Amino acid sequence: MDFQPLKYILELSKKPNAPVLVLLHGTGGDEQDLIPLAKDITKDFHLLSLRGNVNEGGMPRFFRRIRMGVFDEKDLAFRTDEMKVFIEKVLQENHLENAKIIAVGYSNGANIAGATLLKYPNFLAGAILFRPMLPFQAPELSEKAQQVPVFFSNGKNDPTVPPKDTTTYLEILKEQGFEVEHHALPTSHNLTYNDVELAKIWLEKYFPIN
Ligand code: MLT
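The following paragraphs examine the structure supplied in this document. Since the model is a prediction, treat every value here as computed from it, not as a measurement. (Residues numbered from 1 in each chain as written. Predicted model: local features only at pLDDT ≥ 70, side-chain atom pairs only at ≥ 80, totals over all residues. Heavy atoms only, no water.)

As a further point, take the sheet that holds strand 3 (residues 46-50). With respect to topology, 7 strands assemble into an open sheet ordered 1-3-2-8-9-10-11, the strand pairing being mixed. With one partner strand each, in any of the chains shown, strand 1 (8-11) and strand 11 (179-185) form the two edges of the open sheet. Averaged over all neighbouring strand pairs, the angle between strand axes comes to 10°, with direction disregarded. With 4 bridges connecting them, strand 1 and strand 3 associate as antiparallel partners. Bridge pairing links Leu10 to Leu48 in strand 3. Strands strand 9 (126-130), strand 10 (149-155) and strand 11 of the sheet are contacted by helix 4 (residues 163-175), whose axis makes an angle of about 175° with strand 10. (Pairing = 2+ DSSP bridges. Helix = DSSP H or I, 4+ residues; strand = E, 2+ residues; numbered from the N terminus. Axes fitted to C-alpha atoms, helices over the stretch in contact; angles between N-to-C directions. Contact = heavy atoms within 4.5 Å.)

Counting buried residues along strand 9, 5 of its 5 residues qualify, which places the element largely inside the surrounding structure. Alternating residues of strand 9 divide into Gly126, Ile128 and Phe130 and Ala127 and Leu129, and every residue in both groups is buried. Pairing between strand 8 (residues 101-106) and strand 9: 5 bridges, direction parallel. Paired with Tyr106 across the bridge in strand 9 is Phe130. Strand direction decides the pairing type here: strand 9 and strand 10, joined by 4 bridges, are parallel. If you follow Phe130 over to strand 10, its bridge partner there is Ser153. (Buried < 20%, exposed > 50% of the residue type's maximum accessible area, 1.4 Å probe, protein only.)

With respect to spatial proximity, the complete set of residues near the ligand consists of Thr27, Arg61, Phe63, Arg65, Phe71, Ser107, Asn108, Asn111 and Met133. Between an oxygen atom of the ligand and a side-chain N or O atom of Arg61, the distance comes to 2.9 Å. Arg65 places a side-chain nitrogen or oxygen 3.1 Å from an oxygen atom of the ligand. Residues of the shell around the ligand, tallied by class, amount to 3 nonpolar, 4 polar and 2 charged. (Near = heavy atom within 4 Å. Polar contact = N/O pair within 3.5 Å; in protein donor to acceptor, adjacent residues only side chain to side chain. Nonpolar A, V, L, I, M, F, W, Y, C, P; charged D, E, K, R; others polar.)

Structure, rendered in structure tokens:
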């Protein structure tokens with residue numbers, strides 16, 4: 001199967017050297033979803049918001065799943081490559097090929113962002129993962145990340161993500177050289193104001209912009 005383009009929204013910053021936030025929605029969402037959140041966490045970055053190419057009963061997703069919480073890992077690997085090539089193309093067309101890329105993903109979007117971290121540890125300059133799940137059960141790990149910061153927030157009462165998988169995932173990320181900031185929040189799978197505030201502080205800490 002060939003790579004397909006993804007639907008997207010690109011909003012350019014007035015600061016040409018700003019990083020690009022790549023926004024990745026949750027199941028059933030689209031490229032509009034995370035734009036308000038992105039504007040709450042930064043006023044200065046370029047925004048590239050994508051819509052997943054997979055359709056599950058009318059709900060856009062970034063990759064197929066076999067059932068709730070069980071991923072089609074072959075499709076996930078393919079979609080990760082498809083998305084990476086697409087991001088590179090859009091950035092090149094807009095003369096942003098040297099910009100730092102920071103993924104911001106929620107749920108299904110966080111999972112393809114995580115797959116990108118594990119497959120291409122130095123493609124992203126950083127990632128914000130809201131309610132992530134371990135993308136590959138036995139990830140094929142190659143090179144280590146070179147000080148790539150990762151924001152990771154999970155809900156302590158989230159029934160979609162088994163706590164022991166979160167522990168394993170955090171260990172794998174750290175083992176692979178990612179600089180992980182982990183927040184276990186008193187909530188479920190939903191995003192909270194707390195997530196947004198903490199992500200904003202994290203972004204200002206690792207990617208300050210004047
Ligand atoms: C997934 O990627 O399947 C999720 O983490 C759960 C969901 O999106 O519903």
